Amino acid sequence: MILVLSGTEEGKEIVRQLHYDGFNVRTTVATEYGRKMFEQIGLDTLCIQKRCDKEGFIRLIQEKGITVFIDATHPFAVEATKNAYEACREAGIDYFRFERKDSVISDHPLIHSVSSADDAVKKARQLGTNIFLTTGISGVSKFIPLKNEKQLFVRILPIPEHIVSCIEMGIFPKNIIAMHGPFSTELNKAMFQQYGINVIVSKESGGVGGVNEKIQAAIELGIDTILITRPALALPDVYTSITDILNKVKALR
């Protein structure tokens, strides 16, 4: 059996293609929202809804008879990737990583690259007053210390527990935009203008994640962008093409 850690649009596509090519495949989803994404394409029966640490992955590998593990998680899901890779090494099974290609982002005086969320907070403190966070729910808590001196606006997935979490952290409900992206340049511009944004914060999550459209919208409006660069992970068998990773798996048949 093949296990795919999805959590991305590419991961969903890998699961879909493997299933329709006749492979015995399962995928993990962390939330009911994730399961709904597979339900829309008729593949929710392939979902295993749970979060795993390394030991949890090892148990899953043993219980489900997993022989091939494809990690197609988000580029910033570092802990999940580390846990999955170590679990596969201990279990002695094949591990393949699908990694989105980096975005091609030109140098520009309004783009400020930083290496961590902590550095992004420091930079945001120096810049504008209305900050638009597009880092996902996992990054919001880092910026909460700024909420008494800045206006924080958060764009997150429309997952009820994520919305509740933002409110509990002190984000005003009117400052929460719960939508599923990616978003066009024009829609980003409309949102930034609607809320009077003068700083956006984004992760460098790749072209599929809509980073280029966010940055282009910000540049056209003269807005500063704080860009958190990807963490570097040294992994074997990394693929940036869905076709290549599928061909690799098919060659094992």
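The present account deals with the structure reproduced in this document. (Residues numbered from 1 in each chain as written. Predicted model: local features only at pLDDT ≥ 70, side-chain atom pairs only at ≥ 80, totals over all residues. Heavy atoms only, no water.)

1. Examining the side chain of Arg-155
Along the chain, Arg-155 falls in strand S8 (residues 151–156). Buried and unpaired, Arg-155 has no salt bridge, with Glu-213 as the nearest side chain of opposite charge at 8.8 Å. Polar side-chain contacts of Arg-155 include one of 2.8 Å to the side chain of Asn-188. When sequence neighbours within four positions are dropped, the list of residues in contact with Arg-155 reads Phe-132, Leu-133, Thr-134, Ile-177, Phe-183, Asn-188, Met-191 and Lys-214. (Helix = DSSP H or I, 4+ residues; strand = E, 2+ residues; numbered from the N terminus. Buried < 20%, exposed > 50% of the residue type's maximum accessible area, 1.4 Å probe, protein only. Lys, Arg positive; Asp, Glu negative; His and termini not counted. Salt bridge = Lys/Arg side-chain N within 4 Å of Asp/Glu carboxyl O. Polar contact = N/O pair within 3.5 Å; in protein donor to acceptor, adjacent residues only side chain to side chain. Contact = heavy atoms within 4.5 Å.)

2. Topic: the packing of aromatic side chains
This structure, assessed with the given rule, holds six aromatic pairs. Ring centres of Tyr-85 and Tyr-95 lie 5.2 Å apart, and the angle between their planes is 65°; this geometry places the pair in the edge-to-face category. With Tyr-85 in helix H4 (residues 78–91) and Tyr-95 in strand S5 (residues 94–98), this residue pair connects regions lying ten residues apart in the sequence. Residue classification places Tyr-95 among the buried positions, given a relative accessible area of 6%. Aromatic rings pair up to connect Phe-57, Phe-69, Tyr-85 and Tyr-95 into one cluster. (Phe/Tyr/Trp six-rings, centres within 6.5 Å; stacked < 30°, edge-to-face > 60°.)

3. Thoughts on the sheet that holds strand S11 (residues 224–228)
Strand order in this open sheet of six strands is S6-S11-S10-S7-S8-S9, and the pairing throughout is parallel. Both edges of this open sheet fall to strand S6 (111–114) and strand S9 (176–178), since each of them pairs with a single strand only. Strand-to-strand, the axes of this sheet are offset by a mean angle of 20°, without reference to chain direction. Inspection of the sheet shows strand S7 (residues 130–134) paired to S8 by four bridges, in the parallel sense. Note that in S8 the partner of Leu-133 across the bridge is Val-154. Sheet strands in contact with helix H9 (residues 211–221) are S6, S7, S8, strand S10 (199–203) and S11, and its direction is about 165° off that of S10. (Pairing = 2+ DSSP bridges. Axes fitted to C-alpha atoms, helices over the stretch in contact; angles between N-to-C directions.)

4. Section: the state of the cysteines
Inspection of the entire model under this criterion finds zero disulfides. Cys-52 supplies the cysteine sulfur nearest to Cys-88, a cysteine that is in no disulfide, at a spacing of 11 Å. The class of Cys-88 is buried, set by a relative accessible area of 1%. (Disulfide = S-S within 2.5 Å.)

5. Description of helix H2 (residues 32–39)
Among the residues of H2, Tyr-33, Gly-34, Met-37 and Phe-38 are the ones counted as buried. Seen along its axis, H2 keeps its buried residues to an arc of 150°; they face one direction. Looking at the buried positions of H2, the neighbouring elements they touch are helix H1 (9–20), strand S2 (25–29) and strand S3 (47–49). (Arc of directions from axis to C-beta.)

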